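# Topology and contacts: notes
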Amino acid sequence: MPRFTVHVRDEWLMVPCKDTANTVNWLGLEALKRYAKNKPDNGGIQHIKEVRFVARRCQGQGLLDGDDIIDDVLEDNDFVELEIEGDTMSSDFIPSQPGMSYLTRPYREPHEYIFLDGNSLSSTDLVNLGQGLYKIKLTPEAEKKVEQSRELLDTIVKEKKVVYGITTGFGKFARTVIPISKLKELQENLIRSHSAGLGSPLSPERTRMLLALRINVLAKGHSGISLETLHTMIQAFNASCLSFVPEKGTVGASGDLAPLSHLALGLMGEGKMWSPKSGWADAKYVLEAHGLRPISLKPKEGLALINGTQMITSLGAESVERAESVARQADIIAALTLEVLKGTTKAFDSDIHELRPHPGQKEVALRFRALLDSDHHPSEIAESHRFCDRVQDAYTMRCCPQVHGIVTDTISFVRNIINTEINSATDNPMVFAERGETISGGNFHGEYPAKALDYLAIGVHELASISERRIERLCNPSLSELPAFLVNEGGLNSGFMIAHCTAAALVSENKVLCHPSSVDSLSTSAATEDHVSMGGWAARKALRVIEHVEQVLAIELLAACQGIEFLRPLRTTTPLEKVYDLVRSVVKPWIKDRFMSADIEAVHRLLVDQKVWNVAKPYIEKYCTELLPESRPCSPTAFSLEPPSSPRKRVRLE
């Protein structure tokens, strides 16, 4: 029999429907009857048939007409929100799409799998899992290790050995031995008590990453999780059933306890959960709607689910991927600005950079040459000032290889740490099946990713800092030889005046956000956990810094393209003209003042989607393969879309 889950005030009610030819109005009245029946005063509803309400489908928040036939507008197990007109009672209903913005992609069920073994996942893979591009399966080798690890734990419990977190309490209560009859309750209490986070929930993409990464760590076979529980987690991931995980509450040791507890709480069928099908609802209803059962925790499994650095690391993976993306595109944007400001390419000569051979510096200089080389890509703009008397450019243009280059090297350094952390066992105690013992250690401490992400924020911020100065040069007529603020009829029109102010504001915010969170530590858990990493905040603010960098560079790209308008009919190099055309496909030239935020957001979207990079990449690649002597080969990362990663088995769904 079809059934529907209806949200009335603070309750979710299951309503069976024998005849789907009934109307939405009938469904709403049936839900109200069930709601009133459970209340001593009928919930304040005296005459149910006289109640007026609005019904919405949770998925997409689409309004439903009361006269709509259920079979026409709803599917079996659909979730519906009921809003009673004039109702003053509070509701705990959470909007269907947490963290939605113009950057969030709609979810489409994937058709391929990634096989996880706990050893070969990359940050690129993890971000792809977060975006919903793949489902998950375990390798047979991983399943065997998980089973062996669990067998050892079952033996420990059977022999009544005293082992931390298995037959004892946690933290300060590590010396309290728990009776075998209460070991299940011990694990459940751990999850409930540690679900103490606050703040907005992680977006669906970030929650998918968090869940995928925890599955990958458990697949290493050193946590003692049962294969049954791990398979249930994988089923939840593949159905995109995502727990409500508040973004605040972790100090990064012992691991990300609060966010991972919220992740586990939903899998237990408690708290809130989200799926593309249901929107937000009580976790037990979301799991049931997808044919899943809540996990039932065995000894040590609660601890296995929450002990680790997965929130820091999953957000760190996104940070690394977005940082690399924006760093490459920053080179392209700066090259376009240099053209508009009639700069020289002499500073990018390869011999200069061989004398200071930092990999990032050489790589950035190479990209500038690939985009601006006059022999390969003639530029009418460059030709127009070939015989000018300017000897050298300002540092914001001349020193791009040195400034952008260290950002590239910083990202490479941080990527290495994050990828190591992605495939590390960060549980406590560790289960060594081959040795037949468990060992307490400190792999849960988040200092490695915390320090790395603080460093990443400081490094990537410089792209915005130098970009804002280039925006100033574009907007300032005494420096650019262009109209003030890149607009005609200045005074009547303000042009890019406040867009530059926005860039300056974002750079200033970043200066504060770049203060390292990992230099702080506060003792917790009655001085048992007396040094912590504060890595959760390091990860969250790194993402914020990177987003600000993207936005500042979006403003520079808009300004540079606007500058091109005043140099027409002269044309720049072919690859930069392609970049110009891409921008103009989403944003018109600035003829007179208009609403600018939408333009900035549209170009920001181009950067996030790597479209600016994708347009320029073939030209950079061609330059590398055709023009560079074999004795000085092109850097493999200079034009690659993503770093090389371990071979990964993928299989398409039949």
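The structure reproduced in this document is the subject of the present report.

Criteria and cut-off values
- Numbering of residues starts from 1 in each chain and follows the order in which that chain's sequence is written.
- It should be noted that, the model being predicted, local features are given only for residues of pLDDT at least 70 and side-chain atom pairs only at 80 or more, the latter also being counted only at that level, while totals for whole chains, interfaces and linings use all residues.
- To obtain the side-chain values, all non-hydrogen atoms of the structure were used and water was disregarded.
- Each salt bridge in this description consists of a side-chain nitrogen of Lys or Arg and a carboxyl oxygen of Asp or Glu lying within 4 Å of one another.
- Exposed residues in this analysis have more than 50% of their type's maximum accessible area, buried residues have under 20%, and partly exposed residues fall in between, with area computed by a 1.4 Å probe over protein chains only.
- Side-chain rings of Phe, Tyr and Trp, where Trp is taken by its six-membered ring, are said to pair if the distance between their centres is within 6.5 Å; with planes under 30 degrees apart they count as stacked, over 60 as edge-to-face, and otherwise as tilted.
- Only Lys NZ and Arg CZ are tested; either one counts as a charge over a ring when it is within 6 Å of the ring centre and within 35 degrees of the ring normal.
- Counting from the N terminus, the helices are the DSSP runs of H or I reaching at least four residues and the strands are the DSSP runs of E reaching at least two.
- Polar contacts, as counted here, are pairs of nitrogen or oxygen atoms within 3.5 Å of one another; within protein the pair requires one atom able to donate a hydrogen and one able to accept it, and residues that are adjacent in sequence qualify only if both atoms are side-chain atoms.
- Residues are treated as being in contact if the distance between any of their heavy atoms lies within 4.5 Å.
- Any two strands with at least two DSSP-identified bridges between them are counted as paired.
- To obtain an axis, a line is fitted to C-alpha atoms, over the contacting stretch when the element is a helix, and the angle between two such axes runs from 0 to 180 degrees between their N-to-C directions.
- Any residue with relative accessible area above 30% and no salt bridge may belong to a patch, with like charges joined within 9 Å and the nonpolar Val, Leu, Ile, Met, Phe, Trp and Tyr side chains within 5 Å.
- Values of accessible area rely on a 1.4 Å probe in the Shrake-Rupley scheme; residue burial ignores everything except the protein chains shown.

The next point concerns the pattern of salt bridges. Per the counting criterion, the structure on display carries 35 salt bridges. Note that Arg390 and Asp393 form a salt bridge whose closest N and O atoms lie 3.5 Å from each other. Judged by relative accessible area, which is 37%, Arg390 ranks as partly exposed. Measuring nitrogen to oxygen at the nearest pair gives 3.5 Å for the salt bridge that ties Glu577 to Arg571. Residues joined in a network through salt bridges with shared partners are Lys184, Glu188, Arg192 and Glu270.

Moving on, we get to the packing of aromatic side chains. For the coordinates displayed, the defined rule picks out 6 aromatic pairs. The cationic tip of Arg328 hangs over the ring face of Trp613; the distance from NZ or CZ to the ring centre is 5.4 Å. Between Arg435 and the ring centre of Phe432, over which it is positioned, the NZ or CZ distance is 5.5 Å.

Here the focus is the side chain of His7. You can see His7 is positioned in strand β1 (residues 3-8). The exposure class of His7 is buried, given its relative accessible area of 0%. Here Glu81 takes part through its side chain, which lies 2.5 Å from a polar atom of the side chain of His7.

This part covers the environment of Lys220. When you line up the elements, Lys220 lands in the loop between α6 (204-218) and α7 (227-238). For Lys220, a relative accessible area of 14% puts it in the buried group. C-alpha separation for the pair Lys220 and Asn119, spaced 101 residues apart in sequence, amounts to 7.1 Å. Apart from residues lying up to four places away in sequence, Lys220 is in contact with Asp117, Gly118, Asn119, Lys145, Asn423, Ser424 and Ala425. Of the polar contacts made by the side chain of Lys220, one reaches the backbone oxygen of Asn423; its length is 3.0 Å.

Let us look at the sheet that holds strand β2 (residues 11-16). The mixed open sheet is built from 5 strands, whose spatial order is β2-β1-β5-β3-β4. Where the open sheet ends on each side, the last strands, each with one partner, are β2 and β4 (62-64). When strand polarity is set aside, the average angle formed by the axes of neighbouring strands in this sheet is 35°. Alignment of strand β3 (residues 53-57) against β4, held across 3 bridges, turns out to be antiparallel.

A word on the sheet that holds strand β9 (residues 242-243). Taken together, 3 strands build an open sheet; the order of strands is β9-β11-β12 and the sheet is antiparallel. Whereas interior strands pair on both sides, the edge strands pair on one side only; in this sheet they are β9 and β12 (279-282).

In this structure, Ala323 sits in helix α11 (residues 310-340). Relative accessible area serves as the criterion here: at 0%, Ala323 is assigned to the buried category. Excluding anything up to four places from it in sequence, Ala323 contacts Ile411, Leu456, Val460 and Ile546.

A few words now on a nonpolar patch on the surface. Together, Ile406, Phe413 and Tyr455 make up a nonpolar patch on the protein surface, roughly 290 Å² of accessible area in all. Its place among the elements puts Ile406 in helix α16 (residues 400-422). Since its relative accessible area comes to 44%, Ile406 is described here as partly exposed.

No statement about biological role is implied by the geometric values presented.
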